[in-house]
Every structure is written in structure tokens, then in C-alpha cells.
Amino acid sequence: MEPAVILPAMPNLAEPVFASALDDADEESGALLQMEPITLKLTPDVCGERMDKVISRLIPQFSRSRIQQWIATGHVTVDDKVAKTKMTSFGDETVVVSPQPAPEDDAYTAEAMDLAIVYEDATIIIINKPAGLVVHPAAGNWSGTLLNGLLHHYPAIAGVPRAGIVHRLDKDTSGLMVVAKTLEAHTDLVRQLQARTVRREYLALVWGSPNLTGTVDAAMGRHPRDRIKMAVLENMTAKSAVTHFERLATGLLDRRPVSLMRCKLETGRTHQIRVHMMSIGHALVGDVLYGKAHLASVFPRQALQAQHLGLIHPATGDACDWSVPLADDFLALLASAEIEASL
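Thresholds, definitions, all that
Residues numbered from 1 in each chain as written. Predicted model: local features only at pLDDT ≥ 70, side-chain atom pairs only at ≥ 80, totals over all residues. Heavy atoms only, no water. Buried < 20%, exposed > 50% of the residue type's maximum accessible area, 1.4 Å probe, protein only. Helix = DSSP H or I, 4+ residues; strand = E, 2+ residues; numbered from the N terminus. Arc of directions from axis to C-beta. 1 Å grid on protein atoms, 1.4 Å probe; cavity = no way out; pocket = protein on both sides within 12 Å on 5 of 7 lines; lining within 4 Å. Points joined across faces, edges and corners; volume = space filled by probe spheres on them. Nonpolar A, V, L, I, M, F, W, Y, C, P; charged D, E, K, R; others polar. Axes fitted to C-alpha atoms, helices over the stretch in contact; angles between N-to-C directions. Parallel < 35°, antiparallel > 145°, perpendicular 65-115°, else oblique. Left-handed = near helix turned anticlockwise from the far one by under 90°. Contact = heavy atoms within 4.5 Å. Phe/Tyr/Trp six-rings, centres within 6.5 Å; stacked < 30°, edge-to-face > 60°.

### Describing helix α6 (residues 328-336)
Next up, step 1: Taken together, the buried positions of α6 are occupied by F330, L333 and L334. All buried residues of α6 lie within an arc of 95° about the axis, which places them on one face of the element. Relative to its buried face, α6 has exposed residues pointing more than 90 degrees away, namely D328 and A335.

Okay, structure coming up:
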């Protein structure tokens, strides 16, 4: 005899048009927001099994880890008493599960935010992203991201994949980003990025004194042992990555030589400049992930800013260019190294 499962009527939840933009979306997301409690009447054949295992088998639309979380937070009752972690079933209980939304369920919620908009028209938005702002919701950052701010600033952007975001900057990298306001603009900008015709120039302060000019042409992929990191690789999973660099000035920081570099991206891999500069022995100042952790106190983030952005306007076909001044903290860092920032 199978245990009885009493399911409430499910609400008619139309999938939002932007749902496909969530790369790592939880399959359960979106179906919980208005769901009523689920009642399970257990039968003797489940006697002796762990309660979380029994529940996850009876309502497989929710992961076991999600159910364990609900038990731990008091959202599962057994015979009207709050369930306990790792409890065992006797096979005659009435279990009530009250599904709760996970943080990622609200990832695409509009949030009021001050956006440093450099340029905006009916097709695109150019934003000067401050350091510390996460671009897209992900584990650990399901709210307070640039995407949340874009949805508040221009609600119609919800109909564009990833809310119009076509490329990203690391959380602690400042500078210019382009956002598409229409599907047509999004498609066009993605094609420009794939064709490597978008001009992206960064300023970076690195340890040491690299050559005056050079190119790092080294394929990259996920680090084989540390999944948080990227790395220069030579295996089949690596993707082409090319960075051109030019040394603009040198100085001393903490009695160590540093150099201000202009880096031009030909490709746009995750952490590309940080990994490429580290690979030639010149890690970015402040980059504790790839650089000198013992010098983290010198600067609280990687010294990197997307200073210049150039592209073909997706609606007019005009060549457009934008530049922004260095962020205040970056300017102060250069001043401490006695580097003139007249750029």
C-alpha cells in the first residue's frame, strides 16, 4: 500500500519570459511562491526509514536538500509537532510540508538602486559599475545585483535574456558595461562580442615591471583543482583567450615596484586579465585570489577598471565610444604609488 499524498491545487504560474536567462536556476524555483501546505499520510511500509528520505520520495519535485532545510527551519510537522532533523518514521504519521521559497526564487525581483548611467537611449544602457556590485544573481548573491537594479530602472528589460546583460565585470572590478534594452539589441551585441569587435580597454595596477608592450595568448578554463578559480590550460576544455597589454607608468607601493597597465581584451573569459597577468608573473595589486595574499592590506580589491568601451550601436550602426575616469579608490592607490593618473 502506497502512502497517501494529498496535494493542494497548484496555482497557475506562468513562467516569466526571462526565466531562461537563469543558467543555474533551481528546477523548483518559481513554483513555490503561492503553494499551499502538502499533507502526507504515511503507511507501514516506510517504517524505519529516515523522514527526510520518505518525504523526498513522496514529493520528488523538491530536492532532498531542500526538504532537509525545511525540516531544520520548522516548516515540516509530524502529527502536529515540528519535525526533527534525522527523525525516523513509524509508518502511521500525518506529515505536513509547508514549501518555502529559496533565495534564488526572488533572484529576478526589481530593486531600487542608484545606477551610474553614462548613456541611455531606447536600445542600450551604458553603466559605470562601482566596485562591490555583483552583476548577475548567483549562489551567495541572489539579491542586490545590477540585474535587480536594471529591472527596477526599466521593467520592460525583463523580456530580454539576462535582463539585457551581455557581458559581466567581476564584483570588485569597476567600470563600463553595456546593457541591451531590446531583444534585437541583445542579439546584435552578443554577435559583436563573438566577432571580437567590441573594444574593451582596462586599466590595471600590477606588481613588478612587465615589458612595455606584449600579448598573452593563452587558452583558459576552470582550474582543475580549485573550482573558484580560472587558469591557463592546454586541454580540450580550454577556450581561446587573448589579452594585449601596454605599460603606462611605474611606481613604488609598499616599497615594491608596481606598474600601471592598459589591457585590451580580444576575448572576454572569466577573470581573463587577472589570470593572464598572473601567468606572466605580474599579478594585480589587491587580487588575493590570484596574487599576493600577504599584501591584501595594500588595496581591498583587485586594482582593475574597465575604462573604455567601444561598439557599433545596434540600432543606428554608428561607431560609439565611452570612457570614464578612474574610481576614487583607484586614483588614491595610484597617488600612493606616486603614479600620475592623467589618462
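### A few points about empty space enclosed by the protein
Next up, step 1: A full pass over the atoms with the stated rule returns two cavities of 30 Å³ or more.
Next up, step 2: Roughly 40 Å³ of internal volume is contained in the largest cavity.
Next up, step 3: Every residue along the wall of the largest cavity is listed here: R50, D52, Q68, I71, T85 and K86.
Next up, step 4: Class assignment for the residues of the lining of the largest cavity results in one nonpolar, two polar and three charged.
Next up, step 5: Within this model, the second largest cavity holds a volume of roughly 30 Å³.
Next up, step 6: In this structure, the second largest cavity is lined by H167, L169, L176, R200, Y202, A306, H308 and L309.
Next up, step 7: For the lining of the second largest cavity, the elements supplying multiple residues, two or more each, are β9 (199-207) and β15 (304-312).
Next up, step 8: Broken down by element, the residue count for the lining of the second largest cavity peaks at three residues, all from β15.
Next up, step 9: A class-by-class count of the residues in the lining of the second largest cavity yields five nonpolar, two polar and one charged.

### Here we look at the packing of helix α1 (residues 51-58) against helix α2 (residues 64-72)
The axes of two packed helices give the description: the angle between them and the distance between them.
Next up, step 1: Relative to each other, α1 and α2 sit at 125°, their axes nearing to 9 Å. One finds that α1 runs oblique with respect to α2. α2 is crossed by α1, and the crossing has right-handed handedness. On α2, the residues touching D52, K53, I55 and S56 of α1 are R64, I67, Q68 and I71.
Next up, step 2: Within the contact of α1 with α2, the residues separate by chemical class into three nonpolar, two polar and three charged.

### Here's the deal with the packing of aromatic side chains
Two numbers describe a pair of aromatic rings. These are the distance of the centres and the angle of the planes.
Next up, step 1: Inspection of the entire model under this criterion finds two aromatic pairs.
Next up, step 2: Measuring from centroid to centroid gives 5.1 Å for F62 and W70, while their planes differ by 70°, and the two rings are edge-to-face.
Next up, step 3: F62 sits in the buried class, given a relative accessible area of 4%.
Next up, step 4: Consider the rings of Y119 and W322, whose centres lie 5.6 Å apart with planes at 40°: the pair is tilted.

### Quick look at unusual backbone geometry
A negative phi angle is the norm for most residues apart from glycine, just as the trans form is the norm for most peptide bonds.
Next up, step 1: The phi angle at D79 is positive, at roughly 50°, despite the residue not being glycine.
Next up, step 2: As for its placement among the helices and strands, D79 is situated in the loop between β3 (76-78) and β4 (81-82).
Next up, step 3: Given a relative accessible area of 42%, D79 falls into the partly exposed group.
Next up, step 4: In this model, H271 sits at a positive phi of 60°, which is unusual for a non-glycine residue.
Next up, step 5: Turning to its location among the elements, H271 is positioned in the loop between β14 (256-265) and α5 (272-279).

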